[in-house]
Every structure is written in C-alpha cells, then in structure tokens.
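# Structural overview for review
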Amino acid sequence: MELAVQCYRFTEGFPKSEAYGLTAQIRRAAASIAANIAEGHGRENTGSFIQFLRIAQGSLKELETHLIIAERVELLATQPFQSLSKQCDEIGRMIRALIRSLQEKT
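Structure report, in brief. (Residues numbered from 1 in each chain as written. Predicted model: local features only at pLDDT ≥ 70, side-chain atom pairs only at ≥ 80, totals over all residues. Heavy atoms only, no water.)

Formed by 25 residues in total, the largest nonpolar core has its most connected members in Leu3, Ile26, Ile33, Leu63 and Leu67. Taken together, the elements giving at least two residues each to this core come down to α1 (2-11), α2 (22-42), α3 (46-72) and α4 (78-105). Top contributing element to this core by residue count: α3, with eight residues. Ignoring any residue separated from it by four or fewer positions in sequence, one finds Ile26 in contact with Cys7, Thr11, Phe14, Leu63, His66, Leu67 and Ala70. (Core = buried A, V, L, I, M, F, W, Y, C linked by side-chain atoms within 4.5 Å. Buried < 20%, exposed > 50% of the residue type's maximum accessible area, 1.4 Å probe, protein only. Helix = DSSP H or I, 4+ residues; strand = E, 2+ residues; numbered from the N terminus. Contact = heavy atoms within 4.5 Å.)

Right under this line is the structure:
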C-alpha cells in the first residue's frame, strides 16, 4: 500500500491534462497491486490466492511501464522514478517469493 501512496503523491504534480492519462493509469495500477493481494488472501483458498498474486504481478508490471513512460516524457523526475522503481523491484521479489512458498505447500 505504501507504493500506491507514493504514486499518488508523485502524480499530484502531473499536469491537469494528464488527469485521465498517466496520472489515472499509474494510480489505478498501483492501487490494484495491494487490492489484488488483499482479495486473494481473503478468499482463504491457496489456489485463488496464487491466482490473485499473479494478477498483482501483472499490475506491478503495468505500473512499471507507466512509470518508465512518465520519466521518458519528463513528467516524473529521475529521483522519484528511481525510488518508485526500487520499490517495484522489492515488491516483485516479495510476490514471487510468496507464490513459490505457497506452491511448495500445495
């Protein structure tokens, strides 16, 4: 959830013309990561949880793509981009490790 909060904060400075463009896409993808993890966990079924973790991985990759675009078109400065990218990498590793762990138990 902290990644989503950071994405909201960094996109506050985006131009109004991006409200329905990259701003919305970044925010939606970032919020989707945590939401899918929570929804999968709430299903109380390991197979469903793994499925939702994979959906969260997809949202994470979507977010990373939007962040790269935002940096390339100079909506997002290098420092915030690097910070968010680092968080994405860490979350990606955690999700992959959790999936492996759950698969080993089944």
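As a further point, take the side chain of Gln87. Along the chain, Gln87 falls in helix α4. Non-local contacts of Gln87, meaning those with residues more than four positions away in its chain, are made with Glu2, Leu3 and Gln6.

For the rest of this paragraph, the subject is the packing of α1 against α4. Between two packed helices, both the angle of their axes relative to each other and the distance between the axes serve to describe the pair. Running from amino to carboxyl end, α1 crosses α4 at an angle of 160°, the nearest separation of the two axes being 11 Å. Taken together, the axes of α1 and α4 lie roughly antiparallel to each other. In this structure, α1 meets α4 at a crossing whose hand is left-handed. Listed contacts from α4 to Glu2, Leu3, Gln6, Cys7 and Phe10 of α1 are Pro80, Leu84, Gln87, Cys88 and Ile91. Its residues placed into classes, the contact of α1 with α4 shows seven nonpolar, two polar and one charged. (Axes fitted to C-alpha atoms, helices over the stretch in contact; angles between N-to-C directions. Parallel < 35°, antiparallel > 145°, perpendicular 65-115°, else oblique. Left-handed = near helix turned anticlockwise from the far one by under 90°. Nonpolar A, V, L, I, M, F, W, Y, C, P; charged D, E, K, R; others polar.)

Compared with an ideal rise of 1.5 Å per residue, which puts 21 residues at 30 Å, α2 spans 30 Å between its outermost C-alpha atoms and is within 8% of the ideal. At Ser32, α2 shows its maximal bend, which comes to roughly 25°. Those residues of α2 that sit buried are Leu22, Thr23, Ala24, Ile26, Ala29, Ala30, Ile33, Asn36 and Gly40. Of the surrounding secondary structure, the elements contacted by the buried residues of α2 are α1, α3 and α4. (Expected span 1.5 Å × (residues − 1). Bend = angle between axes of the 7 residues up to and from the residue.)

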